[in-house]
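Summary of structural features
Residue-level listing of the chains:
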Amino acid sequence: MDKSKILMIGGFGPTHIAIGGGQLIAYNLFKSLRNQGIYVDYLAIDSEYDNLLKPYNVINSNSITYKQLKAFLKTNLDEYNIIHIHSANELQGILIGLIIKKIKKPRLKIVLSIHSPETYVPPRSSVELFNIILSRFSNQVFSLSQYSKKSMCKNYGIPDHKIKVTYTGVDDLYLSHSKKSDYSFSNKYKLLFVGRYGDKNQQKGLDILINALSLITKELNVELRVIGPGKPDLYYPLIDRLNLREHIKFLGIKRGDSLIHEYLDSDLFVLPSRRESFGIVLAEAMSLGLPVVSTNVGAIPEVVKNNETGLLVPANDPVTFANAVVHLLIYPNIREEMGKKGISWVYERYTMNTMADKVIEYYKEIL
């Protein structure tokens, strides 16, 4: 790997308002590989840049697909040994360009990271079609979990041996930060939800959480703090019907230290997802000593150790979810024990250095 050069293509860069978990994984992997001395350039769409720069290459956030494709085609691929693509809506033009370049330059090695293969619902989306096509040209395909690997084999027809599982890691900022220390009884408990909300499929289950909150507040004084991109107005009819306005705060997007402060200031992390290919926010919470209540779906059982670092319940079940939340809130000793185990669990499996080491190992297999 000493003389190898990698071009990593992400979706959104770290300052883009629409950045999600998959794009954060791509950017954090880029930083970790750089920190380990690997030569990596990064190509992404970001809000604070308007031209191509190295070592952090970006495309203006207002670019249309044609401009993305044009910018990519201007890149001198002779500089690189591997192109590592993290699939995203905004990169369809780039994917077309890559296929063209790949055909012309068969020596170039292609790695494809597919972050959410379990989203398949007929008919296939354009993103899924590009993932399927690009996987045929790729030397390796990376999956975030064993669950996602099985889904990719089933839904995309990718051979098992071609898929490499690379568990993602939390940002180093979380690992270097102080950990939660107060698990005591409270006059008003704080629940924290972090994720996108308001999408048509309600992936993260905020509607389930609001219904569960109506049951929780009958037993305890609780405030739910919601962080992430979304449309609160979509939930106000449900919130008002359940008389929960005073129990919910929508805080918008937070990153870095301000987000970490919210984790540390909370009593419990809650994520009633209907599907997850990994769930990086769960690992973030555990890395800071915050126990979680989530659902037994997708890759979540790989991330959260049920009854050890948190509690997992069936999806779409606000009653059971509420019971799990109440149980942990009224037993601070259990929360404290889960918090300590969560820190150890994340440090053992879900750091960016661990992910970067595994990615480098797989890169070497195809060079």
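Residues numbered from 1 in each chain as written. Predicted model: local features only at pLDDT ≥ 70, side-chain atom pairs only at ≥ 80, totals over all residues. Heavy atoms only, no water.

1. As for the overall build of the protein
From N to C terminus, the protein includes 14 helices and 13 strands. With 367 residues in all, the protein has 56% of them scored as buried. Restricting the contact set of the protein to residue pairs at least 6 apart, pairs at least 24 apart contribute 72%. (Helix = DSSP H or I, 4+ residues; strand = E, 2+ residues; numbered from the N terminus. Buried < 20%, exposed > 50% of the residue type's maximum accessible area, 1.4 Å probe, protein only. Contact = heavy atoms within 4.5 Å.)

2. Focus on the packing of aromatic side chains
Applying the stated criterion across every chain yields a total of 14 aromatic pairs. Taking 6.4 Å as the distance between ring centres and 25 degrees as the angle between the ring planes, the aromatic pair formed by Phe142 and Tyr363 counts as stacked. Taken as a pair, Phe142 in strand β6 (residues 140-143) and Tyr363 in helix α14 (residues 352-366) lie far apart in primary sequence, 221 residues in all. Of the two residues, Phe142 and Tyr363, both sit in the buried class. One aromatic cluster in this structure is built from Tyr167, Phe278, Trp345 and Tyr350. Lying over the aromatic face of Tyr183, Lys180 brings its terminal NZ or CZ to 5.7 Å of the ring centre. (Phe/Tyr/Trp six-rings, centres within 6.5 Å; stacked < 30°, edge-to-face > 60°. Lys NZ or Arg CZ within 6 Å of the ring centre and 35° of its normal.)

3. Considerations on the pattern of salt bridges
Summed over the entire model, instances satisfying the criterion amount to 16 salt bridges. The residue Glu223 makes a salt bridge to Arg225 at a minimum N-O spacing of 2.8 Å. There is no split in this pair, since Glu223 and Arg225 are both buried. With a shortest N-O distance of 3.7 Å, Glu223 and Lys249 are connected by a salt bridge. You can see Glu223 sitting in strand β9 (residues 222-227) and its partner Lys249 sitting in strand β10 (residues 248-250), a full 26 residues away along the chain. Taking the relative accessible area as the measure of exposure, Glu223 reaches 5% and is therefore buried. (Salt bridge = Lys/Arg side-chain N within 4 Å of Asp/Glu carboxyl O.)

4. Things to note about the sheet that holds strand β11 (residues 268-271)
Strands sit in the order β10-β9-β8-β11-β12-β13 across an open sheet of six strands; the sheet is parallel. In this open sheet, the two strands that pair with only one neighbour each are β10 and β13 (310-313). Across the sheet, the mean angle separating the axes of adjacent strands is 20 degrees when strand polarity is ignored. As paired elements, strand β8 (residues 189-194) and β9 share six bridges and run parallel to each other. Across the sheet, Phe193 pairs through a bridge with Val226, a residue of β9. Running over the sheet, helix α9 (residues 256-264) touches β8, β9 and β11 and is turned about 135 degrees from β8. (Pairing = 2+ DSSP bridges. Axes fitted to C-alpha atoms, helices over the stretch in contact; angles between N-to-C directions.)

5. Quick notes on the packing of helix α10 (residues 280-287) against helix α13 (residues 332-349)
Across the interface, α10 lies against α13 with an axial gap of 7 Å and an inter-helix angle of 120 degrees. Taken together, the axes of α10 and α13 are oblique relative to one another. Relative to α13, α10 is oriented so that their crossing is left-handed. Facing α10, whose interface residues are Ala283, Met286 and Ser287, α13 presents Gly339, Gly342, Ile343, Trp345, Val346 and Tyr347. Classifying every residue of the contact of α10 with α13 gives six nonpolar, three polar and no charged. (Parallel < 35°, antiparallel > 145°, perpendicular 65-115°, else oblique. Left-handed = near helix turned anticlockwise from the far one by under 90°. Nonpolar A, V, L, I, M, F, W, Y, C, P; charged D, E, K, R; others polar.)

6. A word on the nonpolar core
Soluble globular proteins: nonpolar side chains tend toward being buried together. Counting residues in hydrophobic clusters, the biggest one holds 89 residues, and the most contacted among them are Leu33, Leu191, Leu206, Leu224, Tyr263, Phe269 and Tyr363. In terms of residues, this core owes the most to one element, α14, which gives eight residues. (Core = buried A, V, L, I, M, F, W, Y, C linked by side-chain atoms within 4.5 Å.)

7. Observations concerning the environment of Glu246
Structurally, the position occupied by Glu246 is in the loop between α8 (236-241) and β10. For Glu246, a relative accessible area of 63% translates into the label exposed. Spatially, the C-alpha atom of Glu246 lies 9.6 Å from that of Val222, the residues being 24 residues apart in sequence.

8. Things to note about α13
The end-to-end C-alpha distance of α13 is 26 Å, a good match for the 26 Å that 18 residues give at a rise of 1.5 Å each. All buried positions along α13 are accounted for by Pro332, Arg335, Met338, Gly339, Gly342, Ile343, Trp345 and Val346. (Expected span 1.5 Å × (residues − 1).)

9. Overview of the pairing of strand β5 (residues 109-114)
Counting buried residues in β5 gives five out of six residues, a clear majority hidden from the surface. The pairing of β5 with β6 spans four bridges and is parallel. Bridge assignment links Leu112 to a residue of β6, and that residue is Val141.

10. What to know about the side chain of Asp41
Among the structural elements, Asp41 can be located in strand β2 (residues 39-46). Side-chain polar atoms of Asp41 contact the side chain of Tyr80, separated by 2.6 Å. (Polar contact = N/O pair within 3.5 Å; in protein donor to acceptor, adjacent residues only side chain to side chain.)

11. What about the packing of helix α7 (residues 206-216) against helix α12 (residues 318-330)?
Contact pair α7 / α12: the axes reach a minimum separation of 8 Å and the direction vectors enclose 55 degrees. The angle between the axes of α7 and α12 places the two elements in the oblique class. Every pair of crossing elements has a handedness; the one defined by α7 and α12 is right-handed. Residue-level inspection shows Ile208, Leu209, Asn211, Ala212, Leu215 and Ile216 of α7 in contact with α12, the latter providing Pro318, Val319, Phe321, Ala322, Val325 and Val326. Taken together, the residues of the contact of α7 with α12 break down into 11 nonpolar, one polar and no charged.

12. Remarks on the environment of Leu328
Summarising the element assignment, Leu328 is placed in helix α12. The sequence separation of Leu328 and Pro291 amounts to 37 residues, and the corresponding C-alpha distance is 8.7 Å. With residues near it in sequence (within four places) discarded, Leu328 still touches Leu268, Val292, Val293, Leu311, Ile334, Arg335 and Met338.

Read these as geometric descriptors, not functional statements.
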